[in-house]
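Coordinates in review
Residue-level listing of the chains:
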Amino acid sequence: MFDHLMTWIEGFLQRHGKAAVFDEIWAGIPPYPNFYHCGKAYRQISQWSGKEMRNFGRIIYPALAAALHDPLPRHRAVFQRALTCVRSLVYWSLVVQYRTHTTETLNYLADYLEEFHATKDVFTTYRTSKATDSIAHARMKDLKMQLKAEHAIEDEERAERGEALSRAQKEHRKAEDKKRLQEVYNSTVHERTSFDFVKIHLMLHYEESVQRFGHLVKDSTETQEMKHPKMCMGPYR
């Protein structure tokens, strides 16, 4: 799930102008025992290994919290919702790795998963496919043409009465048009985008699997990743 979360977070940060701040925080995280950090900015990392992905899970929540610190009043609610979603997914992934489980830890899994599903809609926009984005922009274009025609008629009627919009009224109309266009885009995205994919569904079965078979069987892809360049990429080249 972390590979999906990375995409959502990057889009969220860019949307709210926090990507550069997050890069700086990410690059400045100091090393400590049993923790590997490449020292690069987040967006400078082109490929993530298994080790780097695990470390991502350890530090993404505090790094994101630092980047979203002290938001503007209009951003406070959405920032808090994004942090809650990320926190619940990170905590769920950490608890699910326990070598032994009790009723209490399984309840933690259920609570974190419920919280994740309750807040994941904050990242809906960043799961948008190219097709959905194209349709949303087409609807925005149609609305923009409609608004332009409506404003032309309104301006013509005002001119006949010898009236004209003040600068403040023009700015207000511009802001209202922008708001309506964004609402059309958001409604289209929410209408055509969902979180219905395999990895999300599998999370529902972890608790049942632990109850039936004990802690999850550990599997690491690091060995395969280390052998891949020599055994596959080398001969291919």
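Up top is the structure these notes are about.
Read on for an overview of the structure. Nothing here was measured: the structure is a model prediction, and the numbers come from that model.

So, about the environment of R127. Note on placement: R127 falls in the loop between α5 (103-119) and α6 (130-160). Looking at R127, the relative accessible area reads 24%, which means it is partly exposed. Sequence separation between R127 and T7 is 120 residues; the distance between their C-alpha atoms is 8.2 Å.

A few words now on the environment of R173. Along the polypeptide, R173 turns up in helix α7 (residues 167-192). Residues R173 and H151 lie 22 residues apart in sequence; the distance between their C-alpha atoms is 9.2 Å. The contact partners of R173, leaving out residues within four places of it in the chain, are H151, E154, D155, R158 and L165.

Right, let's talk about unusual backbone geometry for a bit. Look at D70: it is not a glycine, yet its phi comes out positive at around 55 degrees. Within the secondary structure layout, D70 lies in the loop between α3 (50-67) and α4 (76-96).

Time to look at the environment of T124. Assignment of secondary structure puts T124 in the loop between α5 and α6. As a C-alpha pair, T124 and H190 span 66 residues in sequence and 6.7 Å in three-dimensional space. Apart from residues no more than four positions distant in its own chain, T124 is found in contact with V189, H190, T193 and F195. A polar contact of 2.8 Å, which involves the side chain of T124, links it to the backbone oxygen of D121.

Calculation rules
- Residues numbered from 1 in each chain as written.
- Predicted model: local features only at pLDDT ≥ 70, side-chain atom pairs only at ≥ 80, totals over all residues.
- Heavy atoms only, no water.
- Helix = DSSP H or I, 4+ residues; strand = E, 2+ residues; numbered from the N terminus.
- Buried < 20%, exposed > 50% of the residue type's maximum accessible area, 1.4 Å probe, protein only.
- Contact = heavy atoms within 4.5 Å.
- Polar contact = N/O pair within 3.5 Å; in protein donor to acceptor, adjacent residues only side chain to side chain.

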